[in-house]
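Chain by chain, the residues:
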Amino acid sequence: MLEQQLLNGMILGSLYALLSVGFSLIVGILKMITFAHGDVFMAGAFSGLVALLVFPHSFLAALAGAVAGAAILGAITEWAAFRPFRSGPEMAPALVTIGFSIVLQALVLLVAGADTKPFPFELDFGRWTVSGITVSGLELATIGTALAVLAGLGLAIAGTRWGLALRATAAHYQAAQIMGINTDRVVLAAFVLGSGLAGLGGLLFGAYYGAFYPLMGVVISMKALAAATLGGIGNVGGAIIGAYLLGIIENLVAGYLSANYRDVIAFAILILVLLIRPAGILGRGEEEKV
Amino acid sequence: MLRVTDLKAWYGSLRALHGLDFSLEAGEIVTLVGSNGAGKSTVLKSLIGLLRKKSGEIRYLDRDIGGCAPAEVLGMGIAMVPEGRWIFPNLTVGENLRLGAYSRPGKSIPAALEREFARFPVLAERRAQKGGTLSGGEQQMLAISRALMSDPKLLLLDEPSLGLAPQMMEKVFVLIREIRKSGIAVLLVEQNSAQALAIADRGYVLSSGKIAIEGEGPKLLADTRIQRVYLGYRDAGSGI
Ligand SMILES: Nc1ncnc2c1ncn2[C@@H]1O[C@H](COP(=O)(O)OP(=O)(O)O)[C@@H](O)[C@H]1O
Ligand SMILES: [Mg+2]
């Protein structure tokens, strides 16, 4: 029972993490929020389905299509909503992303319809029962893909020249510029990466639940944002920890307390954590030395 | 080396610089002094390319760099130590320094690091520490060292002595002279004008976004009238 809830928590956490990391990257660098992230997740998932029209029965093609589609949408978000307002009013980009979110939902609704679509073919990667809990290949693939991709991202941020530029840009935008960092390019990279991960999450979500629909990104993106805040917004490691915590807490609440109130209780816990640590689990308060 | 003609700069619709002319030759220390809000930092931000809304000509080594982004300006050998230092507080001292060499990826970073650690042994000791944990004086050393990591031909220094204890301040001015001796030209912005004019070859007094007076550093320093009118000394000669 406990093991099964933990497994479910890991799966949900993986999906949250693929979304929350994008929030963290974007907020970390620009100190501004995008409201289109959930719809990039959704439209990415649908791009994966579109890729299947070209390469039928290839799960890998669906994954690649989702990542590519979402990454392109991420680039468009940056380009249309954030770049024009770099030094302008801080609310303008948020407003544009709300518009972009509505447009994406409407477009998918128009092209694909409002009905919920399953993944077009059966994804049977095997199924194992280990000491009472059953795990499917798709579940393992979801957790494994998320962990591998997120670990890769973490290593790149910690250990590469690009990662150093990213951290510098997040820490102090103008200081990064006078180091010779092309901050516009860093911001674009953050959007492309964060959105690509969201697309991956979208396809895994749709495949796992067997449900692709135009509003599939709405609730989960709010939860992923909450997870990123829980971990310490702007901190990628924090966003990942927050995502898995939220996923596991939700499933434990559903399993042991009440399935109906899982969200209420999970969010109550989240608010409690933030009351104790306002900057989140890994977040640090602003400090400046004279 | 650097010739600025009729430089104007704007923050939004507000004009901060009203047509400046000044120049700097290779190997010189030139200082811009003036009271708070005169436009000194704005001049440096315009030169490095942080401030894009400007007009006039900025000619550096026979190129007009007025339209260049900071990355391009850095690439041509100008580095800046900004007012307030802009250390990356959550990155290590080593990472801060590495970022200083970001604009010259091909060249040897280890060699430049070694040179900087020799110049600032305290930074070598603290290389694994977060930049934010350093004292104010150490952060200023880090900011200067970070700028030198790019092997600049021209160093822009914005109020490097600001907020430092007197001995630390003294150290900074000694350091500036050493930097010049190593062949790097220095454009020094200071509110601490007495010290700045004392070490500068030439100086410009900035007032309300315009050059009010220019001349040799020590001569400007000796002119009590200038001190009273533009630098706000009540008791000329005693410093601030
Ligand atoms: N970011 C900014 N936005 C608007 N006005 C600014 C900004 N920075 C400086 N100013 C204005 O430009 C003028 C020159 O400022 P600055 O160059 O910082 O002066 P200094 O460095 O000589 O103290 C001042 O009137 C200041 O108020
Ligand atoms: Mg200033």
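The preceding data block contains the structure.
It should be emphasised that the depicted structure is a prediction, and the values quoted were computed from it without experimental measurement.

Calculation notes
- Residues numbered from 1 in each chain as written.
- Chains lettered and ligands numbered in written order.
- Predicted model: local features only at pLDDT ≥ 70, side-chain atom pairs only at ≥ 80, totals over all residues.
- Heavy atoms only, no water.
- Phe/Tyr/Trp six-rings, centres within 6.5 Å; stacked < 30°, edge-to-face > 60°.
- Helix = DSSP H or I, 4+ residues; strand = E, 2+ residues; numbered from the N terminus.
- Buried < 20%, exposed > 50% of the residue type's maximum accessible area, 1.4 Å probe, protein only.
- Lys NZ or Arg CZ within 6 Å of the ring centre and 35° of its normal.
- Donors = N, O, S within 2.8 Å, 3.2 Å for Na, K, Ca; no water.
- Near = heavy atom within 4 Å.
- Polar contact = N/O pair within 3.5 Å; in protein donor to acceptor, adjacent residues only side chain to side chain.
- Areas by Shrake-Rupley, 256 points an atom, 1.4 Å probe, with all protein chains shown as cover.
- Nonpolar A, V, L, I, M, F, W, Y, C, P; charged D, E, K, R; others polar.
- Salt bridge = Lys/Arg side-chain N within 4 Å of Asp/Glu carboxyl O.
- 1 Å grid on protein atoms, 1.4 Å probe; cavity = no way out; pocket = protein on both sides within 12 Å on 5 of 7 lines; lining within 4 Å.
- Points joined across faces, edges and corners; volume = space filled by probe spheres on them.
- Axes fitted to C-alpha atoms, helices over the stretch in contact; angles between N-to-C directions.
- Parallel < 35°, antiparallel > 145°, perpendicular 65-115°, else oblique.
- Left-handed = near helix turned anticlockwise from the far one by under 90°.
- Contact = heavy atoms within 4.5 Å.
- Pairing = 2+ DSSP bridges.

K.L.:
I'd like to hear about the packing of aromatic side chains, residue by residue, with values.
P.N.:
Any two aromatic rings considered together are summarised by their centre-to-centre distance and by the angle between their planes. Across all of its chains, the model carries 10 aromatic pairs over all chains by this definition. Where Phe41 of chain A meets Phe205 of chain A, the ring centres are 5.5 Å apart and the plane angle is 70°; that geometry is what we call edge-to-face. Linking Phe41 of chain A in helix H2 (residues 37-54) with Phe205 of chain A in helix H8 (residues 183-209), this pair joins segments that are 164 residues apart in sequence. According to the relative accessible area criterion, Phe41 of chain A is buried, its value standing at 0%. Pairing Phe46 of chain A with Phe212 of chain A gives two aromatic rings, centres 6.2 Å apart and planes at 75°, and the pair type is edge-to-face. With Phe46 of chain A in helix H2 and Phe212 of chain A in the loop between H8 and helix H9 (218-231), the pair connects residues that are 166 residues apart, well separated along the chain. Looking at Phe46 of chain A, the relative accessible area reads 9%, which means it is buried. Joined through ring pairs, the aromatic side chains of Phe46, Phe59, Phe119, Phe121, Phe125 and Phe212 of chain A make up one cluster. Here the guanidinium or amino end of Arg161 of chain A rests over the ring plane of Tyr102 of chain B, the centre of that ring lying 3.9 Å away.

K.L.:
Residues and numbers for the coordination of the magnesium ion (ligand 2), please.
P.N.:
All names here are of chain B. Looking at the metal site, the magnesium ion (ligand 2) is ligated by Ser41 (OG) and Glu83 (OE), spaced 2.0 to 2.1 Å from it. In this pair, Ser41 is assigned in helix H1 (residues 40-48) and Glu83 in the loop between strand S6 (78-81) and helix H3 (93-100), connecting sequence segments 42 residues apart. Taking the relative accessible area as the measure of exposure, Ser41 reaches 17% and is therefore buried.

K.L.:
Talk me through the site of ligand 1; I want residue IDs and the actual numbers.
P.N.:
Residue and element names in this part refer to chain B. Every residue near ligand 1 is listed here: Tyr11, Ala16, Ser35, Asn36, Gly37, Ala38, Gly39, Lys40, Ser41 and Thr42. In the model, an oxygen atom of ligand 1 is placed 3.1 Å from a nitrogen or oxygen of the Asn36 side chain. Within the contact set of ligand 1, an oxygen atom lies 2.4 Å away from a side-chain nitrogen or oxygen of Thr42. Here ligand 1, which alone exposes 560 Å², has 61% of that area covered by the protein. At three residues, the largest contribution of residues to the shell around ligand 1 is made by H1. A breakdown of the residues in the shell around ligand 1 according to their chemical character gives three nonpolar, six polar and one charged.

K.L.:
Tell me about the pattern of salt bridges, and please be specific about residues and values.
P.N.:
A full pass over the atoms with the stated rule returns 19 salt bridges over all chains. Put simply, Glu250 of chain A and Lys223 of chain A hold a salt bridge, and the shortest N to O gap is 3.4 Å. One end of the pair, Glu250 of chain A, is in helix H10 (residues 236-256); the other, Lys223 of chain A, is in helix H9, with 27 residues separating them in the sequence. Residue classification places Lys223 of chain A among the buried residues on the basis of a relative accessible area of 10%. Across the pair Glu116 of chain B and Arg119 of chain B runs a salt bridge whose closest N-O atoms are separated by 3.1 Å. With Glu116 of chain B and Arg119 of chain B both in helix H4 (residues 109-119) and three residues apart, the pair spans about one turn of that helix. Note on Glu116 of chain B: relative accessible area 0%, which makes it buried. Each of Arg104, Arg115, Glu116, Arg119 and Asp151 of chain B takes part in one network of salt bridges that share partners.

K.L.:
Describe in detail the layout of surface pockets, supporting the description with residues and values.
P.N.:
Counted as a void, the second largest pocket has a volume near 980 Å³. Arg86, Ser87, Tyr173, Gln174 and Gln177 of chain A are, among the 30 residues lining the second largest pocket, the residues nearest its centre. Taken together, the elements giving at least two residues each to the lining of the second largest pocket come down to helix H1 (2-30), helix H6 (161-171), helix H7 (173-177) and H8 of chain A together with strand S1 (2-11) and helix H2 (70-75) of chain B. Here the residues of the lining of the second largest pocket sort into 14 nonpolar, nine polar and seven charged.

K.L.:
Lay out the packing of H9 of chain A against H10 of chain A in plain terms, naming residues and giving numbers.
P.N.:
All names here are of chain A. The interhelical angle for the contact between H9 and H10, taken along N-to-C directions, is 120°, at an axis separation of 7 Å. As far as their axial angle goes, H10 and H9 are oblique. Where H9 crosses over H10, the handedness of that crossing is right-handed. Residues Lys223, Ala227, Ala228, Leu230 and Gly231 of H9 touch H10, and the partners they reach there are Gly238, Ala239, Gly242, Ala243, Leu245, Leu246 and Glu250. For the contact of H9 with H10, the residue count by class is seven nonpolar, three polar and two charged.

K.L.:
So what's going on with H1 of chain B? Which residues, and what values?
P.N.:
All names here are of chain B. Among the nine residues that make up H1, eight are buried, leaving the element largely enclosed by the rest of the structure. Of all the positions in H1, only Lys40, Ser41, Thr42, Val43, Leu44, Ser46, Leu47 and Ile48 are classed as buried. With its phi angle positive at about 100°, Gly49 sits one or two positions after the end of H1.

K.L.:
Help me get a handle on the sheet that holds S6 of chain B, residues and values and all.
P.N.:
All names here are of chain B. An order of S6-S7-S8-S3-S9-S10 is seen for the six strands of this open sheet, with the pairing classed as mixed. Both outer strands of the open sheet, S6 and strand S10 (210-216), are each paired with one neighbouring strand and no more. Sheet twist, expressed as the average angle between the axes of neighbouring strands with direction ignored, equals 15°. Sheet analysis places S6 next to strand S7 (residues 154-158), joined by four bridges and oriented parallel. By the bridge assignment for S7, Met80 is matched with Leu156. Against the sheet, H1 engages strand S3 (29-33), S6, S7, strand S8 (185-190) and strand S9 (202-207), with an angle of about 145° to S7. Contacts from helix H7 (residues 166-181) reach S3, S7 and S8, with the element oriented near 155° to S8.

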